[in-house]
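# Structure at a glance
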Amino acid sequence: MAGEPQDDCLFCKIVAGQIPATIVRETDTTVAFRDINPQAPTHVLVIPKAHYRDAAALAAGAPQLAADVLCEAGAVAADEQLDSYRIVFNTGSGAGQTVWHTHAHVLGGRGLEWPPG
């Protein structure tokens, strides 16, 4: 069920404190932590504490929570002193999503070419 923790979800386990992560910010509704395989000098993931499969499911099921994730992504960028950065939501395996819990990648600290990928 959307919003409910999933026993087999890596990010739900991070939220629950069952798996360690380098947490850089936490609110009542979100957690932000460093990516273990960074693709830029700054690469932080911002996730909702509630489980939603992807960005579209989050936006449809909990629009305020989607806004919380975006606000926290901006706060991470400010904390990291990034004047330019990218916020990326991968949705579906063809787009590179490998963990089925909505997450925003905050990437910065180097030039980011366009188009990506």
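Before reading further, recall that the structure is shown in the block above.
This report concerns the structure included in the present document. Only a predicted model underlies this, so the values are computations on that prediction, with no experimental measurement involved.

What the protein chain contains, in helices and strands, is 3 helices and 5 strands. For the protein chain, the N- to C-terminal ordering of α and β elements is α-β-β-β-α-α-β-β. The C-alpha atoms of the protein chain give 13 Å as radius of gyration, which agrees with the globular expectation for 117 residues (13 Å, within 12%). Counting only C-alpha atoms and orienting by the principal axes, one finds that the protein chain spans roughly 40 × 30 × 25 Å. Counting the 117 residues in the protein chain, one finds 37% classified as buried. Within the protein chain, counting contacts between residues at least 6 apart in sequence, those at least 24 apart form 53% of the total. As presented, the protein chain carries roughly 6,600 Å² of accessible surface, and 51% of it is formed by carbon and sulfur atoms. For the protein chain, the centre of its 7 positive side-chain charges and the centre of its 13 negative side-chain charges are spaced 4 Å apart.

Within this model, the largest pocket holds a volume of roughly 720 Å³. Lining the largest pocket are 32 residues, with Asp35, Asn37, Gln39, His43 and His105 positioned closest to its centre. If you list the elements that add at least two residues to the lining of the largest pocket, you get α1 (10-15), β2 (30-34), β3 (42-48), β4 (85-88) and β5 (104-108). Here the lining of the largest pocket gets 3 residues from one element, more than from any other, and that element is α1.

Inspection of every chain in the model, using the stated rule, returns 4 salt bridges. In this structure, Arg25 and Asp79 form a salt bridge, with 2.9 Å as the shortest nitrogen-oxygen distance. Of the two residues, Arg25 is situated in strand β1 (residues 23-26) and Asp79 in helix α3 (residues 63-79); the sequence distance between them amounts to 54 residues. In the salt-bridge network here, residues are joined through shared partners; they are Arg25, Glu72 and Asp79.

The subject of this paragraph is the side chain of Asp54. Tracing the backbone shows Asp54 in the loop between β3 and α2 (55-61). Although Asp54 lies buried, it forms no salt bridge, and the closest oppositely charged side chain, Arg53, sits 4.6 Å away as judged by the N-O distance. Those residues in contact with Asp54, other than ones at most four positions away along the chain, are Thr91, Gln97 and Thr102.

What follows concerns the pairing of β2. If a strand is regular, its side chains alternate between the two faces of the sheet. Counting buried residues along β2, 4 of its 5 residues qualify, which places the element largely inside the surrounding structure. Joining the antiparallel neighbours β1 and β2 is a turn of 3 residues. Of the pairings in the sheet, the one linking β2 to β3 comprises 5 bridges and is antiparallel in character. Looking at β3, one finds that Val31 is bridged to Ile47.

Definitions and cut-offs
- Residues numbered from 1 in each chain as written.
- Predicted model: local features only at pLDDT ≥ 70, side-chain atom pairs only at ≥ 80, totals over all residues.
- Heavy atoms only, no water.
- Helix = DSSP H or I, 4+ residues; strand = E, 2+ residues; numbered from the N terminus.
- Rg over C-alpha atoms; globule rule 2.2 N^0.38 Å.
- Buried < 20%, exposed > 50% of the residue type's maximum accessible area, 1.4 Å probe, protein only.
- Contact = heavy atoms within 4.5 Å.
- Areas by Shrake-Rupley, 256 points an atom, 1.4 Å probe, with all protein chains shown as cover.
- Lys, Arg positive; Asp, Glu negative; His and termini not counted.
- Charge placed at Lys NZ, Arg CZ, Asp CG, Glu CD.
- 1 Å grid on protein atoms, 1.4 Å probe; cavity = no way out; pocket = protein on both sides within 12 Å on 5 of 7 lines; lining within 4 Å.
- Points joined across faces, edges and corners; volume = space filled by probe spheres on them.
- Salt bridge = Lys/Arg side-chain N within 4 Å of Asp/Glu carboxyl O.
- Pairing = 2+ DSSP bridges.

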